[in-house]
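Each chain, letter by letter, is given below.
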Amino acid sequence: MKVMKFGGTSMSSADTISRVAEIVESSPDARFVVVSAPGKRDRADVKVTDLLYKCYAERRNSDNVDEAFAPIANRFLRISEELGLLGKSGFCLDGELEKIRLDIDGGASADYVASRGEYLSAYITAALLRRPFVDAAEIVRFDGEGRFDEKATFALCREKLDAKAGAVVPGFYGAMPSGAIKTFSRGGSDVTGAILAGALGAKVYENWTDVDGFMTGDPRIIDDPKIIDIITYRELRELSYMGAAVLHPESIFPVRSRDIPIRIKNTFNPSASGTLIVPTDKFLKGEYKRKELPLTGIAGKRDFISVQVEKSMMNNEKGYARKLLSIVEECDLSLEHMPSGIDTVSLVIDGSGIEQARIDAMLKKIKLELRPDRLDVIDGIALIAVVGHGMNRRKGMMSQITGALYKADINIRMIDQGSSELNIIIAVENCDYERALKALHSEFSI
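Here goes a summary of the coordinates provided. These numbers were taken from a predicted model, which means no experiment stands behind them.

Scoring rules and cut-offs
- Residues numbered from 1 in each chain as written.
- Predicted model: local features only at pLDDT ≥ 70, side-chain atom pairs only at ≥ 80, totals over all residues.
- Heavy atoms only, no water.
- Helix = DSSP H or I, 4+ residues; strand = E, 2+ residues; numbered from the N terminus.
- Expected span 1.5 Å × (residues − 1).
- Buried < 20%, exposed > 50% of the residue type's maximum accessible area, 1.4 Å probe, protein only.
- Arc of directions from axis to C-beta.
- Axes fitted to C-alpha atoms, helices over the stretch in contact; angles between N-to-C directions.
- Parallel < 35°, antiparallel > 145°, perpendicular 65-115°, else oblique.
- Left-handed = near helix turned anticlockwise from the far one by under 90°.
- Contact = heavy atoms within 4.5 Å.
- Nonpolar A, V, L, I, M, F, W, Y, C, P; charged D, E, K, R; others polar.
- Phe/Tyr/Trp six-rings, centres within 6.5 Å; stacked < 30°, edge-to-face > 60°.
- Lys NZ or Arg CZ within 6 Å of the ring centre and 35° of its normal.
- Core = buried A, V, L, I, M, F, W, Y, C linked by side-chain atoms within 4.5 Å.
- Polar contact = N/O pair within 3.5 Å; in protein donor to acceptor, adjacent residues only side chain to side chain.
- Pairing = 2+ DSSP bridges.

Let us now look at helix 12 (residues 356-370). Side chains that are three or four residues apart share a direction in an α-helix, a result of its 3.6 residues per turn. Helix length check: helix 12 (15 residues) gives 21 Å between terminal C-alpha atoms against 21 Å at 1.5 Å per residue, within 8%. Of the positions making up helix 12, those classed as buried are Ile359, Met362, Leu363, Ile366 and Leu370. Down the axis of helix 12, the smallest arc covering the buried residues is 95°, so these residues share one side. Exposed residues lying more than 90 degrees from the buried face of helix 12 are Ala357, Lys364 and Leu368. At the exit of helix 12 stands arginine 371, carrying a positive phi of roughly 45°.

Interhelical geometry of helix 3 (residues 66-82) versus helix 4 (residues 93-105) gives an angle of 160° and a closest axis separation of 11 Å. The angle between the axes of helix 3 and helix 4 places the two elements in the roughly antiparallel class. Relative to helix 4, the crossing made by helix 3 is right-handed. Contact residues: Asp66, Phe69, Ala73, Phe76, Leu77 and Ser80 in helix 3; Leu93, Asp94, Leu97, Ile100, Arg101 and Ile104 in helix 4. Among the residues making up the contact of helix 3 with helix 4, the classes are represented as eight nonpolar, one polar and three charged.

Quick look at the packing of aromatic side chains now. Under the definition given, this model contains seven aromatic pairs. Arranged with centres 6.5 Å apart and planes meeting at 75°, the rings of phenylalanine 142 and phenylalanine 148 form a pair that is edge-to-face. Note on phenylalanine 148 and phenylalanine 184: the rings are 6.1 Å apart at their centroids and 55° apart in plane angle, and the pair reads as tilted. Note that phenylalanine 148 is positioned in the loop between helix 5 (110-129) and helix 6 (150-160) and phenylalanine 184 in the loop between strand 5 (181-183) and helix 7 (189-200), a separation of 36 residues in sequence. The rings of Phe91, Tyr119, Tyr123 and Phe133 are connected pair by pair, giving a single aromatic cluster. The cationic tip of lysine 182 hangs over the ring face of phenylalanine 142; the distance from NZ or CZ to the ring centre is 5.8 Å.

With that settled, the discussion passes to the nonpolar core. If you look at the biggest cluster of nonpolar residues, it comprises 100 residues, and the most contacted ones within it are Phe6, Ile139, Leu196, Ile262 and Leu383. Sort the elements by how many residues they give to this core and helix 5 lands first, with ten residues. Excluding residues within four positions of it along the chain, leucine 196 makes contact with Val3, Phe32, Val34, Ile139, Cys157, Leu161 and Val169. Counting residues in each nonpolar core, the second largest holds 22 residues, with Ile384, Ile401, Leu437 and Ile446 among its members.

With respect to the helices and strands, the residue threonine 296 is situated in the loop between helix 10 (280-284) and strand 10 (297-310). Within the structure, threonine 296 has its side chain in polar contact with the side chain of glutamate 235 (distance 2.6 Å). Within the structure, the side chain of threonine 296 is placed 3.0 Å from the side chain of arginine 290, a separation counted as a polar contact.

Its location among the elements puts leucine 405 in helix 13 (residues 397-407). Leucine 405 sits in the buried class, given a relative accessible area of 0%. Leave out the neighbours within four places in its chain, and leucine 405 touches Ile410, Ile412, Ile426, Ala436 and Leu440.

The pairing of strands in a sheet comes from backbone hydrogen bonds and takes either a parallel or an antiparallel form. If you trace the six strands from one edge of the open sheet to the other, you get 11-12-10-13-15-14, paired in antiparallel fashion. Only two strands of the sheet have a single neighbouring strand rather than two, namely strand 11 (335-337) and strand 14 (414-417). The average angle at which neighbouring strand axes cross in this sheet is 40°, direction not considered. Two strands pair when backbone bridges link them, and strand 14 and strand 15 (residues 423-429) are joined in this way by four bridges, in the antiparallel orientation. For isoleucine 415, the partnering residue across the bridge sits in strand 15 and is isoleucine 426. Helix-sheet contacts for helix 13 involve strand 13 (374-387), strand 14 and strand 15, and the interaxial angle to strand 15 is about 15°.

Relative to the helices and strands, arginine 263 resides in strand 8 (residues 262-266). Along the sequence, arginine 263 and valine 278 sit 15 residues apart, while their C-alpha atoms lie 8.7 Å from each other. Those residues in contact with arginine 263 that sit more than four places away from it in its chain are Val204, Tyr205, Glu206, Asn207, Ser273, Gly274, Thr275 and Leu276. Within the structure, arginine 263 has its side chain in polar contact with the backbone oxygen of serine 273 (distance 2.9 Å).

Moving on, we come to the pairing of strand 12 (residues 344-350). Summarising burial for strand 12: six of the seven residues are buried, a large majority. Sheet analysis places strand 10 next to strand 12, joined by seven bridges and oriented antiparallel. Its bridge partner being in strand 12, serine 306 is matched across the sheet by valine 348. As paired strands, strand 11 and strand 12 are joined by two bridges and run antiparallel to one another. Note that in strand 12 the partner of leucine 335 across the bridge is isoleucine 349. Two successive antiparallel strands, strand 11 and strand 12, enclose a turn made up of six residues.

Right, here's the structure in full:
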């Protein structure tokens, strides 16, 4: 048995949903289908979830949402008409749309409004596939603090989902103990699919999107990145953290602990083999074999801030690092990396979307409470992760990395190697980011 999840691009129109139906019906062991809200049909289009957020904002500013809700209703009505569903017995899209409009008019929460794109997508897909529709609010639970409740969710999935009959389930949301709708972060339909796969013990979790698989580099920057045939959960975690966003980063947790592999597939090129994401321990034991490459992938992100703290005899001052980290926490900032020397510590913080006031507050606290000899701030830093199992056994790896950047006339601001030796993090200036990625991909021919 397998769980299949289809993303927004796959659900964007009647034509793409027909493709989805063909893929599902051609797979005898496909039992459960999780769908996203319709995405963009072209570059000028707007995602349905964004239209719903706009509708919610309109309700807060006026007493009538008819104008904002109209393009949403029309989008789903057009999809249903082109699929030949309108007028069929038991299919009542008009009633569903009217209930949602009235709920929004009545002051429904932002989470409820945003979730209706997935709800309607699943309602339509279930009718097309002639499979039961199961509302995610019936099986996905959050606790009173708004955290995902795995124990309660897994129990409900096993109780309410029939593996023989299968079902279509909307992604992205669940319910609080009160019954109120609660969403995951954007892209959370990936998480819903993984939850079903983990709860039901699926053989594989297939995530269908609009790319052939996980690539060795960003195709927007690298001319000809290769598709990775097999990648481990740990490698995926490192690359996803650095911006290689094929999967929602939280989606691996419900399946990783149960050794369920994930396969990335392309709805628009279903014959492509895709990328198989596998349990790390099983890969290291030789249960999975992949094409030989010097490393698995390279990914990066811009706009980090490096805070460099220097104080003589820092190593003799007990608790200095702990106090420094406490200040970061008090200022509600997240630490990304912390390379250190005998008298120095560098804090690397993701600066995208961070108000300068929070950075200033952190610096003020460091000066007052830790009294460093020197405190420097460098912004506009890009981090690049070079990732792959076995890099620690490959002689000259660091020399190749630094040599490639030297030949490209790129200055390295920091090097940080994880304790597992699975990845090497290189910091360069934002302006050198794309040239650095290209230089590294060229050096390793991946």
